[in-house]
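# Fold and geometry: a report
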Amino acid sequence: MEQSQTDYVLAMEQLSQKVHAIREDQWTASTPCTEWSVHDLVNHLTYETLWAPELLSGKTVAQVGDRFDGDNLGVDPFDAWDRAAASGIAAFSADTALGTTVDSSMGPLPGPLYLGQIFMDVVIHGWDLARGIGVDDTIEPRFAEQLYAEVAPKEDDIKAWGVFGDRVEPPAGADTQTKLLAVLGRVQ
């Protein structure tokens, strides 16, 4: 999946707004990612975001190792997220980002494909977070259309990744966001 750097920045800004909407009593709330609480979900997003500057700078998965394993949120999860988000945005906004091939757990990935994967994670997990904390869960319509156009024809391949639930049948006349979420095993 390929995505623009500008879209990634906007998706990160939208996600950051949701992170900052988390109330103190919501960190243990459940999310559509059934094994993750709100804390777990934000920690996952922080973890993934912290990897971006490392991989885009040419480091290998082995060189980064387990540096980001465990709790990345610490005593101030908002600050931890803000620092990670700023570093991810800076890394993906660099002029060289899309020309880089990153070492990923799936093997070498061209920068645009890595950006596309991270973009999808940010958008979809932004929806998960919104559902978990009870705020507006509308996905930017342009993002929903782009992602649906990308994932719908590759549904079987995406399922093989093992990170999404089983497809849910969307209701007749469903909008693009609902169809996207259904392909990824999420229920509105």
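To start, this report covers the structure provided alongside it. (Residues numbered from 1 in each chain as written. Predicted model: local features only at pLDDT ≥ 70, side-chain atom pairs only at ≥ 80, totals over all residues. Heavy atoms only, no water.)

## Some points on the overall build of the protein chain
A tally of helices and strands in the protein chain yields eight helices and two strands. Sequence-ordered secondary structure for the protein chain, helices as α and strands as β, is α-α-α-α-β-β-α-α-α-α. Compactness check: the protein chain gives a C-alpha radius of gyration of 16 Å against a globular reference of 16 Å for 188 residues, within 12% of the reference. Principal-axis analysis of the C-alpha atoms places the extent of the protein chain at approximately 45 × 40 × 25 Å. Counting only residues that meet the buried cut, the protein chain has 46% of its 188 residues in that class. (Helix = DSSP H or I, 4+ residues; strand = E, 2+ residues; numbered from the N terminus. Rg over C-alpha atoms; globule rule 2.2 N^0.38 Å. Buried < 20%, exposed > 50% of the residue type's maximum accessible area, 1.4 Å probe, protein only.)

## Comments concerning the pattern of salt bridges
Counting across every chain of the model gives seven salt bridges. A salt bridge links Asp-7 to Arg-142; the shortest N-O distance between them is 2.6 Å. Remark: Arg-142 occurs in helix α6 (residues 141-151) and Asp-7 occurs in helix α1 (residues 5-19); sequence separation between them is 135 residues. Exposure remark for Asp-7: the relative accessible area of 8% places this residue in the buried category. For the salt bridge of Arg-186 with Asp-128, the shortest nitrogen-to-oxygen distance reads 2.7 Å. With Arg-186 in the segment after α8 (176-183) and Asp-128 in helix α5 (residues 111-133), the pair connects residues that are 58 residues apart, well separated along the chain. Each member of the salt-bridge network shares a partner with another, and the members are Glu-54, Lys-59 and Arg-67. (Salt bridge = Lys/Arg side-chain N within 4 Å of Asp/Glu carboxyl O.)

## Some remarks on the nonpolar core
Ranked by internal contacts, the top residues of the largest apolar core, which has 49 residues, are Tyr-114, Ile-124, Leu-129 and Ile-139. Elements represented by at least two residues in this core include exactly α1, α2 (38-56), α4 (77-93), α5, α6 and α8. In contact with Leu-129, other than residues within four places in its own chain, are Leu-15, Lys-18, Val-19, Ile-22, Val-38, Leu-41 and Val-42. (Core = buried A, V, L, I, M, F, W, Y, C linked by side-chain atoms within 4.5 Å. Contact = heavy atoms within 4.5 Å.)

## Points about the environment of Gln-3
Mapped onto the elements of the fold, Gln-3 is located in the segment before α1. Residue classification places Gln-3 among the buried positions, given a relative accessible area of 12%. Note: C-alpha distance between Gln-3 and Asp-66 (63 residues apart in sequence) is 28 Å. Setting aside chain neighbours within four positions, we find Gln-3 in contact with Pro-112, Leu-115, Gly-116, Phe-119 and Gln-146.

## So, the packing of α5 against α6
Put simply, α5 and α6 touch, their axes get as near as 11 Å, and they point 120° apart. Taken together, the axes of α5 and α6 lie oblique to each other. Where α5 crosses over α6, the two elements pack in a sense that is left-handed. On the side of α5, the interface is formed by Phe-119, Met-120, Val-123 and Ile-124, while α6 contributes Phe-143, Gln-146, Leu-147 and Val-151. Among the residues forming the contact of α5 with α6, the class breakdown is seven nonpolar, one polar and no charged. (Axes fitted to C-alpha atoms, helices over the stretch in contact; angles between N-to-C directions. Parallel < 35°, antiparallel > 145°, perpendicular 65-115°, else oblique. Left-handed = near helix turned anticlockwise from the far one by under 90°. Nonpolar A, V, L, I, M, F, W, Y, C, P; charged D, E, K, R; others polar.)

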